[in-house]
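Coordinate analysis (summary)
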Amino acid sequence: MSGRHPTLTTPFAERAKQADHPLTEYLYRLMVLKSSNLCLSADVHTARELVTLADKAGPSIVVLKTHYDLISGWDYNPVTGTGAKLAALARKHGFLIFEDRKFVDIGKTVQMQYTAGTARIIDWAHITNANIDAGKDMVRAMAEAAAKWKERINYEVKTSVTVGTPVSDHFDDGLENGDENGRLDPREQLGGYGRDDRGADARKGSIVSITTVTQSFEPADSPRLPKSISEGDESVFPGIEEPPTDRGLLLLAQMSSKGCLMTKEYTQACVEAAREHKKFVMGYVAQESLNTAPEDNFIHITPGCKLPPEGEEENGHIEGDGLGQQYNTPAKLISIKGTDIVIVGRGIICADDPPSEAERYRKKAWKAYLSRVGSE
Ligand code: BMP
């Protein structure tokens, strides 16, 4: 870690006021409100386990990190599916969702992966991350996609459905509303279940009625994102407003794994990309603070974190997982390396009682932060 950058001793409440990104500003305030700088990496097997864990550990965390592609039974429905369920829990418990997708590709491809496709990550994940091996333009491409998404989400989708009789005995493979390549306008995908749900058989000539979905857009006073989907999840976490609709990116600048091939030059390129895109890049996934210029105020979030079992010496060496993962304690990562939020997966998930283990990690991580800023 280079020098004693002012961000290392500035309380989160102050850093909120200086933040360049609205979501970072919000996140710092959330951290202060919940006395938490803990991110839970919810790497469980099924969607059901994921939702249950998010609900149980929600009170202790400020970020829930997902890998949607390792969850079996992930429901892609944008209104009632797994993403929407997590979004409802995020509102209820006050945490942000970070999909650890590690995007890396040419700009056009990442735009599509981020905003469309099966998972529609941008709809439910406040934050995602990118490996910028493909070059800095990829960050610009994602920033542009996020800006367009935000513009669109601030309009309420008005859908009216009419049922009538088809004029033809076949569908044109459902592409009548698509662009010249047959792609749907993303706006149409938002409300277009009538089309997707018909299935192949429904397109055959035996159809006797047709459902027409028409949509118009008008400005909404407040953003209308998919709201909660089950009873009991309607509540909104007290003490803070809902997060802004801005989406944020973390740059994967360093990794926790043994023998990681990310060079100093690569990490420096991340720092430059972050400075160039302050309105979209919130900060880094890194192993140490990368704030060096006086005006840097990026947030740092760090995986590879574990505590020894309760009652054992905290400053000792923590074994890796035998598959390349290396661990440090919250105290080392926050107080010495200067990160802001620690990411904990198996340390919590594999405990006998994950919610109370999450609380143990929250307390330790927050104590390390207080000691770093001299408020202990
Ligand atoms: P665990 O605490 O169980 O080792 O999980 C760490 C999580 O953080 C995993 O989801 C992993 O993909 C992620 N991660 C990591 O471990 N190291 C990195 O450098 C970057 C990551 O995203």
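The protein chain appears in an unreviewed UniProt entry as Orotidine 5'-phosphate decarboxylase from Cercophora newfieldiana. Looking at the Pathway (unreviewed entry) heading of the UniProt record, one finds this comment for the protein chain: "Pyrimidine metabolism; UMP biosynthesis via de novo pathway; UMP from orotate: step 2/2." Regarding the protein chain, the UniProt comment filed under Sequence similarities (unreviewed entry) reads as follows: "Belongs to the OMP decarboxylase family."

**A short note on the pairing of strand β4 (residues 127–130)**
Side-chain alternation along β4 places I127 and N129 on one buried face and T128 and A130 on a second face that is also buried. The sheet contact formed by strand β3 (residues 96–103) and β4 spans 3 bridges and is parallel. Bridge pairing in β4 links E99 to T128. Bridge count for β4 against strand β7 (residues 248–252) is 4 bridges, and the pairing is parallel. Pairing of A130 across the sheet is with L251, part of β7.

**Re the layout of surface pockets**
In this approach the atoms are scanned with a rolling probe the size of a water molecule, which exposes any empty space left behind. One number sums up the size of the second largest pocket: a volume of about 460 Å³. When its residues are assigned to classes, the lining of the second largest pocket shows 11 nonpolar, 11 polar and 6 charged.

Rules used throughout
Residues numbered from 1 in each chain as written. Predicted model: local features only at pLDDT ≥ 70, side-chain atom pairs only at ≥ 80, totals over all residues. Heavy atoms only, no water. UniProt positions renumbered as here; feature names shortened; annotations may be inferred. Buried < 20%, exposed > 50% of the residue type's maximum accessible area, 1.4 Å probe, protein only. Helix = DSSP H or I, 4+ residues; strand = E, 2+ residues; numbered from the N terminus. Pairing = 2+ DSSP bridges. 1 Å grid on protein atoms, 1.4 Å probe; cavity = no way out; pocket = protein on both sides within 12 Å on 5 of 7 lines; lining within 4 Å. Points joined across faces, edges and corners; volume = space filled by probe spheres on them. Nonpolar A, V, L, I, M, F, W, Y, C, P; charged D, E, K, R; others polar.

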